[in-house]
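The chain contents come next:
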Amino acid sequence: MKRTTLLHAELSHAIACLGHGDMLVIGDVGLPIPPGPRRIDLALTPGIPAVADVLQAVLSEMQVERALIASEAVERGAGALPGWCTLPVAPEAVPHEEFKRLCREARVMVRTGECTPYANVILCAGVTF
(Lines give C-alpha, C1' and ligand atoms only; values in the text may rest on other atoms or scores of the structure.)
Protein backbone atom coordinates (compact mmCIF):
# COMPACT_ATOMS: atom_id res chain seq x y z
CA MET A 1 0.00 0.00 0.00
CA LYS A 2 1.28 3.43 -0.92
CA ARG A 3 2.07 5.56 2.13
CA THR A 4 3.02 8.80 0.41
CA THR A 5 1.55 10.79 -2.44
CA LEU A 6 2.76 13.06 -5.18
CA LEU A 7 0.70 15.98 -6.28
CA HIS A 8 1.27 15.06 -9.91
CA ALA A 9 -0.47 11.82 -10.90
CA GLU A 10 1.57 11.25 -14.07
CA LEU A 11 4.84 11.40 -12.11
CA SER A 12 3.52 9.02 -9.46
CA HIS A 13 2.47 6.56 -12.18
CA ALA A 14 5.83 6.84 -13.95
CA ILE A 15 7.68 6.02 -10.73
CA ALA A 16 5.39 3.05 -10.10
CA CYS A 17 6.28 1.68 -13.56
CA LEU A 18 10.06 1.85 -13.08
CA GLY A 19 11.98 -1.41 -12.99
CA HIS A 20 15.32 -2.14 -11.39
CA GLY A 21 18.02 -0.05 -13.08
CA ASP A 22 15.60 2.22 -14.96
CA MET A 23 16.63 5.86 -14.98
CA LEU A 24 14.53 8.90 -14.09
CA VAL A 25 15.98 12.34 -14.79
CA ILE A 26 15.02 15.49 -12.91
CA GLY A 27 16.25 18.51 -14.82
CA ASP A 28 16.31 22.26 -15.01
CA VAL A 29 14.55 24.16 -17.80
CA GLY A 30 17.72 24.21 -19.92
CA LEU A 31 18.38 20.48 -20.03
CA PRO A 32 17.50 19.22 -23.53
CA ILE A 33 14.94 16.40 -23.53
CA PRO A 34 15.76 13.92 -26.30
CA PRO A 35 13.13 11.93 -28.16
CA GLY A 36 12.41 8.62 -26.49
CA PRO A 37 12.04 9.09 -22.74
CA ARG A 38 8.61 9.86 -21.34
CA ARG A 39 8.46 13.63 -20.77
CA ILE A 40 6.76 15.07 -17.71
CA ASP A 41 6.84 18.85 -17.77
CA LEU A 42 6.17 20.35 -14.34
CA ALA A 43 7.52 23.85 -15.06
CA LEU A 44 5.04 26.57 -14.13
CA THR A 45 7.15 29.72 -13.98
CA PRO A 46 10.90 30.35 -13.71
CA GLY A 47 12.04 28.65 -10.51
CA ILE A 48 8.77 26.82 -9.81
CA PRO A 49 8.94 24.02 -9.02
CA ALA A 50 12.55 23.87 -7.94
CA VAL A 51 14.61 20.73 -8.51
CA ALA A 52 14.89 20.34 -4.72
CA ASP A 53 11.12 20.20 -4.31
CA VAL A 54 10.62 17.67 -7.09
CA LEU A 55 13.56 15.60 -5.87
CA GLN A 56 12.13 15.45 -2.34
CA ALA A 57 8.74 14.28 -3.66
CA VAL A 58 10.30 11.68 -5.97
CA LEU A 59 12.51 10.31 -3.20
CA SER A 60 9.43 9.76 -1.04
CA GLU A 61 8.20 7.27 -3.67
CA MET A 62 11.32 5.86 -5.31
CA GLN A 63 14.03 3.50 -4.09
CA VAL A 64 17.30 4.91 -5.47
CA GLU A 65 20.26 2.63 -6.12
CA ARG A 66 22.50 5.13 -7.89
CA ALA A 67 22.53 8.85 -8.67
CA LEU A 68 24.47 10.83 -11.27
CA ILE A 69 25.15 14.54 -11.60
CA ALA A 70 27.21 16.53 -14.09
CA SER A 71 30.81 17.09 -12.98
CA GLU A 72 30.42 20.69 -14.16
CA ALA A 73 27.91 21.24 -11.37
CA VAL A 74 30.64 20.45 -8.87
CA GLU A 75 33.50 22.16 -10.75
CA ARG A 76 31.64 25.40 -11.36
CA GLY A 77 30.04 25.43 -7.93
CA ALA A 78 26.47 25.60 -9.24
CA GLY A 79 24.56 27.50 -6.58
CA ALA A 80 21.74 24.97 -6.35
CA LEU A 81 23.92 21.89 -5.95
CA PRO A 82 24.54 21.84 -2.20
CA GLY A 83 20.95 22.75 -1.36
CA TRP A 84 19.07 20.35 -3.60
CA CYS A 85 21.46 17.44 -3.68
CA THR A 86 20.08 15.55 -0.67
CA LEU A 87 20.23 12.01 -1.99
CA PRO A 88 20.13 8.64 -0.22
CA VAL A 89 23.35 7.66 -2.04
CA ALA A 90 26.47 9.66 -2.86
CA PRO A 91 26.07 11.03 -6.39
CA GLU A 92 28.58 10.07 -9.05
CA ALA A 93 29.87 12.95 -11.18
CA VAL A 94 30.07 12.45 -14.96
CA PRO A 95 30.92 14.98 -17.70
CA HIS A 96 27.88 16.94 -18.88
CA GLU A 97 28.05 15.44 -22.38
CA GLU A 98 27.95 11.95 -20.86
CA PHE A 99 25.07 13.07 -18.63
CA LYS A 100 23.10 14.19 -21.72
CA ARG A 101 23.92 10.88 -23.49
CA LEU A 102 22.58 8.94 -20.51
CA CYS A 103 19.39 11.02 -20.64
CA ARG A 104 18.60 9.40 -23.99
CA GLU A 105 18.49 6.03 -22.19
CA ALA A 106 16.20 7.25 -19.38
CA ARG A 107 12.64 5.98 -19.06
CA VAL A 108 11.38 9.31 -17.73
CA MET A 109 12.56 12.92 -17.85
CA VAL A 110 11.00 15.44 -15.50
CA ARG A 111 11.36 19.12 -16.43
CA THR A 112 11.19 21.53 -13.51
CA GLY A 113 11.12 25.31 -13.45
CA GLU A 114 14.67 25.42 -12.03
CA CYS A 115 16.85 28.02 -13.76
CA THR A 116 20.21 27.16 -12.17
CA PRO A 117 22.65 25.68 -14.70
CA TYR A 118 23.57 22.01 -14.15
CA ALA A 119 20.84 21.52 -11.51
CA ASN A 120 20.07 18.07 -12.93
CA VAL A 121 20.18 14.57 -11.50
CA ILE A 122 19.73 11.07 -12.87
CA LEU A 123 18.21 8.59 -10.42
CA CYS A 124 18.59 4.87 -11.06
CA ALA A 125 15.81 2.76 -9.61
CA GLY A 126 16.69 0.22 -6.98
CA VAL A 127 14.54 -2.42 -5.34
CA THR A 128 12.84 -2.29 -1.97
CA PHE A 129 14.21 -5.60 -0.65
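This text follows the structure it describes.
Residues numbered from 1 in each chain as written. Predicted model: local features only at pLDDT ≥ 70, side-chain atom pairs only at ≥ 80, totals over all residues. Heavy atoms only, no water.

Draft legend 1. Representation of helix α2 (residues 51–59) within the structure. By the burial criterion, the buried members of α2 are Val51, Val54, Leu55 and Val58. The buried side chains of α2 occupy one side of the element, clustering within an arc of 100° when seen end-on. (Buried < 20%, exposed > 50% of the residue type's maximum accessible area, 1.4 Å probe, protein only. Helix = DSSP H or I, 4+ residues; strand = E, 2+ residues; numbered from the N terminus. Arc of directions from axis to C-beta.)

Draft legend 2. Representation of the environment of Pro32 within the structure. By the element assignment, Pro32 lies in the loop between β1 (23–27) and β2 (38–41). Taking the relative accessible area as the measure of exposure, Pro32 reaches 47% and is therefore partly exposed.

Draft legend 3. Representation of the side chain of Asp22 within the structure. Mapped onto the secondary structure, Asp22 falls in the loop between α1 (9–16) and β1. According to the relative accessible area criterion, Asp22 is buried, its value standing at 17%. A polar atom in the side chain of Asp22 sits 2.7 Å from the side chain of Arg107. Setting aside its immediate chain neighbours within four residues, Asp22 contacts Cys17, Arg107, Leu123, Cys124 and Ala125. (Polar contact = N/O pair within 3.5 Å; in protein donor to acceptor, adjacent residues only side chain to side chain. Contact = heavy atoms within 4.5 Å.)

Draft legend 4. Structural context of unusual backbone geometry. Between Ile48 and the following residue, Pro49, the backbone shows a cis peptide bond with an omega angle of -10°. By secondary structure assignment, the location of Pro49 is in the loop between β2 and α2. With phi around 65°, Tyr118 is a residue other than glycine that occupies positive phi space. Looking at the secondary structure, you find Tyr118 in the loop between β5 (108–111) and β6 (121–125). Judged by its relative accessible area of 18%, Tyr118 falls in the buried class.

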